[in-house]
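Examination of the molecular architecture
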Amino acid sequence: MIEIRDLWAGYGELDILRGFEINVESGTTNCIVGPNGAGKSTVLKALSGLLSPSMGSIVIDGVDVTGEPPSVVLRAGIAQVPQRNGLFAGLSVKENVLMGAYVIRSNRRALQSRYEQLCETFPILRARAHEPAGALSGGQRRMVEFARVMMLKPRVVLLDEPTLGLDPKSLSIISDSVAAMQREGVTILMVEQNVRFGLRLADHATVMSAGTVALAGTAEEIRDHPNLMSLFFGHAPAEVTNGDSDLRPTAQAAQPSRGPV
């Protein structure tokens, strides 16, 4: 579904991603975790077209979209829920959700039909359709953002730290919303700072360190790996072994730079 190979990207002359790689299979939920500054959100920006890589490739269902603008990536079926609150506080819940299908706004019948479908998946869309989005709690606003991104029936949804800034009581709303997208067969690539929460929702996981992959495997393998916490605090060994498991350790972080940055 998604294949990222040897991806280098950053800001100005500074490379944040240094040879990052990942495979995302159709219909799965994949979680990227790692310490602050590891490059997690930069992966999503490069994938969504907000950031142009300096090297490497991004292929979606066999189509190379490396460096393409967000409009091309959206047409390829990839949509993103941003890290921070992206709702229009003064618009109603329904108006915010309909904005997710702005590119087909002339087809009002299709818009209303899709909205009614999503009301079954996200009940808040019906219960509070005409209330301003600014009156919702943090978790409720996230649910509306998830619904908005689903308006165009994307094949892939990118979630950038969906629990950021939310209180513990709101986590169940995020869990329910992710589960709803999973039931629709959506492929999910999620960056999450709450490691336990993210791994609980995911099928597969990738641990990043210094712009590259430190560990990759099933979410269960990553969760139980003895070196997981040491990777976050900078004391992981250069090479990790895991017996006969399919867990894939990497030593990409030790690779030499491709040149001045």
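Residues numbered from 1 in each chain as written. Predicted model: local features only at pLDDT ≥ 70, side-chain atom pairs only at ≥ 80, totals over all residues. Heavy atoms only, no water.

Examining helix α7 (residues 171-183)
Spacing of three or four residues puts side chains on the same side of an α-helix, whose turn is 3.6 residues. Helix length check: α7, at 13 residues, gives a terminal C-alpha distance of 18 Å against a target of 18 Å (1.5 Å per residue), a fit within 8%. Among the residues making up α7, those that are buried are Leu-171, Ile-173, Ile-174, Ser-175, Ser-177, Val-178, Ala-180 and Met-181. For α7, the elements touching its buried residues are α4 (108-121), α6 (138-149), β7 (156-160), β8 (187-191) and α8 (195-201). (Helix = DSSP H or I, 4+ residues; strand = E, 2+ residues; numbered from the N terminus. Expected span 1.5 Å × (residues − 1). Buried < 20%, exposed > 50% of the residue type's maximum accessible area, 1.4 Å probe, protein only. Contact = heavy atoms within 4.5 Å.)

Describing the sheet that holds strand β4 (residues 55-60)
The four strands lie next to each other as β2-β1-β4-β5, forming an open sheet whose pairing is antiparallel. One side of each edge strand has no neighbouring strand; the edge strands of this open sheet are β2 (14-24) and β5 (63-64). Sheet topology places strand β1 (residues 2-11) next to β2; eight bridges connect them, and they run antiparallel. Residue pairing in the sheet places Leu-7 in a bridge with Phe-20 of β2. On the sheet, helix α1 (residues 40-48) packs against β1, β2 and β4 and is oriented at approximately 110° with respect to β1. (Pairing = 2+ DSSP bridges. Axes fitted to C-alpha atoms, helices over the stretch in contact; angles between N-to-C directions.)

Some remarks on the layout of surface pockets
A volume near 520 Å³ is recorded for the largest pocket. Lining the largest pocket are 21 residues, with Leu-74, Ile-78, Ala-79, Gln-80 and Val-149 sitting closest to its centre. Going through the elements one at a time, α2 (70-75), β6 (78-81) and α6 are the ones with two or more residues in the lining of the largest pocket. (1 Å grid on protein atoms, 1.4 Å probe; cavity = no way out; pocket = protein on both sides within 12 Å on 5 of 7 lines; lining within 4 Å. Points joined across faces, edges and corners; volume = space filled by probe spheres on them.)

Here we look at unusual backbone geometry
Phi is positive for Asp-6, which is not a glycine, with a value near 45°. Residue position: Asp-6 is located in strand β1. One non-glycine residue, Lys-153, lies in the positive phi region at around 50°.

Some thoughts on a nonpolar patch on the surface
Where nonpolar side chains cluster on the molecular surface, the patch consists of Leu-74, Val-103 and Ile-104 and spans about 240 Å² of accessible area. Topologically, Leu-74 is positioned in helix α2. Note on Leu-74: relative accessible area 36%, which makes it partly exposed. (Patch = residues over 30% accessible without salt bridge, like charges linked within 9 Å, V, L, I, M, F, W, Y side chains within 5 Å. Areas by Shrake-Rupley, 256 points an atom, 1.4 Å probe, with all protein chains shown as cover. Salt bridge = Lys/Arg side-chain N within 4 Å of Asp/Glu carboxyl O.)

Regarding the pattern of salt bridges
Applying the stated criterion across every chain yields a total of seven salt bridges. Residue Asp-61 is joined to Arg-155 by a salt bridge in which the shortest nitrogen-to-oxygen separation is 2.3 Å. Placement of the pair is Asp-61 in the loop between β4 and β5 and Arg-155 in the loop between α6 and β7, with a sequence separation of 94 residues. Classification of Asp-61 as partly exposed rests on a relative accessible area of 42%. With a relative accessible area of 37%, Arg-155 lands in the partly exposed category. Glu-120 is the partner of Arg-126 in a salt bridge, and the nearest nitrogen-oxygen pair spans 3.3 Å. Residue class for Glu-120 comes out exposed when judged on its relative accessible area of 59%. When salt bridges with common partners are traced through the structure, they connect Glu-116, Glu-120 and Arg-126 into a single cluster.

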